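# Descriptive analysis of the structure
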Amino acid sequence: MTIATANRNLISELESVRPADSKSEPAASKAWERFRQTGLPGQKSEEYKYAPIARQLEKLPALKPAAGDVLLPTPLPQFLSGQTCNYIVFVDGRFSSANLAEKEVKVTTRSMEESSDANDPFEWLNTAFSPALTIITVAEGVSLQHPIAIVYHSSGRGTLVNPRWTLQLLKGSKATVIEMCQPHAYELFQNKKSVIQAEDKSSLEYLILQDGTPAQTEVNHTEVRCAPSSYASCLTLSLNCRFVRNNMKLVVDGSQVEAHLYGLYLPSGDSLIDNHTVVDHRQPESFSNELYKGVMNDRSKGVFNGKIYVRPQAQKTNAFQSNRNILLSENASVNTKPQLEIWADDVKCSHGCTTGQLDEEALFYLRSRGIDKRSAYAMLLHAFVAETFTEMKMAQWKETIDGLVTSRLLKV
Amino acid sequence: MLHIHNLRAGIEGKEILKGINLDVKPGEVHAIMGPNGSGKSTLASVLSGREEYEVTEGEVTFMGKNLLEMEPEDRAREGIFLAFQYPVEIPGVSTVNFMKTAINQIRTYRGQEPLDAVAFLKLMKEKMKLVEIDQSLLNRALNEGFSGGEKKRNEIFQMAMLEPRLSILDETDSGLDIDALRIVANGVNKLRNPSNATVVVTHYQRLLNYIVPDYVHVLFNGRIVKSGDKELALELEKKGYDWIKNEPATA
């Protein structure tokens, strides 16, 4: 038996680097206390059972936020190049600048406040370390012509970044949102929290692109709250990542809501991608549909946990969930668990999860027509994963996404 | 064109082909008949390169090249086509896209320019007509939800598109009603020319009324025990396979 090397005391390490400005903030101080008392999720944590985050953080260089603001060129990432965007930039986790194409988008900052239902240590950690809350607002009744692009840049000076923002889609507004990191190779820990409030009759298309950060460890807490008659469609696309835990929470807080959650994860090497999702139906007569798919290669790990809550008053809810996986190697693994808790009695809910290998007979069929093995693999995998992004409406990015996914699949 | 000498092969340690000899020349149609379990499909599988089959002895050359050393895709690129007994359903891949990839990879292999969209479409239209298949079928996911007849027609369509030198039809008649059988056979006949060859693997003589063979071989217990012309097929139809089983091996 080998004995684990001396455990770093991450809590005291973090305590010593708490930013001065957040020490004086009541919300931040309170959050820190809760975090300190609870600590990081350990091996026995049910929620982080398959994502050993504490062990992962111990592998990183000393955690500390970048001191002060850093001046850094922040060009649009390649994914967005040539596109007009409402561009919102975070550097080292701090709001840095906004370059807005449309006047109906406003960005303000205000002092930190904690969500009343924050219950994950990483949400508290974010609140304790974020200098301020960045609030993005889309004016009532406005359909934005250009996407809102929220991009995290890193200077490499901080090893702990805590981006934090709230997006308010006011009544009847419509927006496409992309959130991504500017690709970098720094070894750092990103602990993000964001909340999107989709007000009555608003409409959201939301892409979370996780690509090009091969050394980054991430915990992302993402919340989408849907008011009556709103529409939300979200895609979490995890391609080139090292260790990613996504906590995606969709709160259906009104009737006549239509919400779609899509996810696609393609880990390889030794990486881990863990998607924990919650769909919380709190009001009657709404619809949610969730589809997550993964292809695990090499020694990588995938995790899916999908909770659906249908509260007692949420009658006539339609909630569907599906998680499908393909393992390409004997050393790859996936842990998948649907978790439905239904209190209402007049609902339609379904869930399903599958894990399998690539169909050898289909592979032979394609090859017997002259298609080389690699292309045949990619073709079959593409066919397997495509429905996670072809259903999205984001016409301007579909082709780019398809290209990213295809080139990723050609590498397996 | 195809030369098989003393081919022995099996699966999971069990020998199924016990010394096959066969020569196929351009322009010829060979029928391989035999009772269930005689090794007909194994022969088709070995020729097309199914990896689960193991060749233990013998040699197979195609156009002078050692076929057994080639990957399945290279066999296709050299001009071998296998029409599957059970064509695979592949959700999410349309026949059109898949054919375009296949044709262009084959063309690249042969040092030809890939077809552009217009040229591909033109070729497809022409071949669709030849095998009487509808475009709507080809835009759908490959074989997904196709009837037995539609699947087999799609096989012949692919064969028409790829213009193979040697086509191996593995029990193409199974699961076909008489109309579908006629359409499939017509397609095959229209594709025949003096420079290509066809091997028809079948249990029944029925298909051979439509695709008339030059040679008929009877496979039994892993060996070709009798060869003849189309009259042999008719004799088999009349007498059944027991007649062959009771004769001493001649090969």
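Our structure's up above, just so we're on the same page.
Everything in this summary refers to the structure shown in the same document.

## Quick notes on the overall build of chain A
Each helix and strand in chain A was counted, giving 9 helices and 20 strands. Relative to the compact-globule value of 22 Å for 412 residues, chain A shows a C-alpha radius of gyration of 21 Å, a close match. With respect to the principal axes defined by its C-alpha atoms, chain A has extents near 70 × 55 × 50 Å. Taking all 412 residues of chain A together, 49% fall into the buried category. Here the contacts in chain A between residues at least 6 apart in sequence split such that 83% fall between residues at least 24 apart.

## Considering the overall build of chain B
Looking only at helices and strands, chain B has 9 helices and 12 strands in total. Here the C-alpha atoms of chain B give a radius of gyration of 18 Å, agreeing with the 18 Å that 2.2 N^0.38 yields for 251 residues. Structurally, chain B occupies a C-alpha span of about 60 × 40 × 35 Å along its principal axes. Residue pairs in contact within chain B that sit at least 24 positions apart in sequence constitute 72% of those at least 6 positions apart.

## Some details on helix α3 (residues 26-38) of chain A
All names here are of chain A. The end-to-end C-alpha distance of α3 is 18 Å, a good match for the 18 Å that 13 residues give at a rise of 1.5 Å each. Where α3 is buried, its residues contact α2 (20-23) and α5 (121-129). Directly after α3, the chain includes G39, whose backbone phi takes a positive value near 80°.

## Focus: the sheet that holds strand β1 (residues 2-11) of chain B
Residue and element names in this part refer to chain B. In space, the 4 strands of this open sheet follow the order β2-β1-β4-β5, with antiparallel pairing throughout. What marks the edges here is a single partner per strand, and that holds for β2 (14-24) and β5 (65-66). Summarising the sheet, β1 and β2 pair through 8 bridges and their orientation is antiparallel. Bridge pairing in β2 places R8 opposite K18.

## Considering the packing of helix α7 (residues 373-385) of chain A against helix α9 (residues 395-409) of chain A
Residue and element names in this part refer to chain A. At their nearest, the axes of α7 and α9 sit 9 Å apart, and the two run at 135° to each other. The angle between the axes of α7 and α9 places the two elements in the oblique class. Once α7 is placed against α9, the crossing between them reads as right-handed. Of α9, the residues touching α7 (which contributes A378, L381, H382 and V385) are V405, T406 and L409. Grouping the constituent residues of the contact of α7 with α9 by class yields 5 nonpolar, 2 polar and no charged.

## Some points on the environment of A:S130
Residues and elements named next belong to chain A. If you trace the backbone, S130 turns up in the loop between α5 and β4 (133-138). Along the sequence, S130 and G356 sit 226 residues apart, while their C-alpha atoms lie 42 Å from each other. Setting aside its immediate chain neighbours within four residues, S130 contacts M112, N162 and R164.

## Comments concerning helix α8 (residues 230-239) of chain B
Given 3.6 residues per helical turn, the α-helix brings residues three or four places apart onto the same face. Residue and element names in this part refer to chain B. Residues L232, A233 and L236 constitute the buried set of α8. The arc that holds every buried residue of α8, seen down its axis, measures 100°, which confines them to one face. Exposed positions of α8 whose direction lies more than 90 degrees from the buried face are E231 and K238. Along its buried surface, α8 packs onto β3 (29-33), β11 (215-220) and β12 (223-228). Among the residues trailing α8, G240 stands out with phi positive, at a value near 80°.

## Topic: the nonpolar core
Core analysis: the largest hydrophobic core is formed by 178 residues, its most contacted members being A:C226 and B:I168. The contact partners of B:I168, leaving out residues within four places of it in the chain, are B:A44, B:L47, B:S48, B:F81, B:L82, B:A83, B:V199 and B:V201.

## Re the environment of A:P284
Residue and element names in this part refer to chain A. Along the polypeptide, P284 turns up in the loop between β15 (272-281) and β16 (287-296). Residue classification places P284 among the partly exposed positions, given that 19 C-beta atoms sit within 10 Å. Sequence separation between P284 and D346 is 62 residues, and the spatial gap between their C-alpha atoms is 9.8 Å. Leave out the neighbours within four places in its chain, and P284 touches S255, Q313, A314, Q315, K316 and T317.

## What about the environment of A:N246?
All names here are of chain A. Locating N246 in the fold gives a position in strand β13 (residues 243-252). Judged by local crowding, N246 falls into the buried class, with 23 C-beta atoms found within 10 Å. Measuring from C-alpha to C-alpha, the distance between N246 and N86 comes to 25 Å, with 160 residues separating the pair along the chain. Those residues in contact with N246 that lie beyond four places of it in its chain are N220, T222, T236, D274, N275 and H276.

Each value, and the rule that gives it
- Residues numbered from 1 in each chain as written.
- Chains lettered and ligands numbered in written order.
- Predicted model: local features only at pLDDT ≥ 70, side-chain atom pairs only at ≥ 80, totals over all residues.
- Helix = DSSP H or I, 4+ residues; strand = E, 2+ residues; numbered from the N terminus.
- Rg over C-alpha atoms; globule rule 2.2 N^0.38 Å.
- Buried ≥ 20, exposed ≤ 12 C-beta atoms within 10 Å, placed from the backbone.
- Contact = placed C-beta atoms within 7 Å.
- Expected span 1.5 Å × (residues − 1).
- Pairing = 2+ DSSP bridges.
- Axes fitted to C-alpha atoms, helices over the stretch in contact; angles between N-to-C directions.
- Parallel < 35°, antiparallel > 145°, perpendicular 65-115°, else oblique.
- Left-handed = near helix turned anticlockwise from the far one by under 90°.
- Nonpolar A, V, L, I, M, F, W, Y, C, P; charged D, E, K, R; others polar.
- Arc of directions from axis to C-beta.
- Core = buried A, V, L, I, M, F, W, Y, C linked by C-beta atoms within 7 Å.

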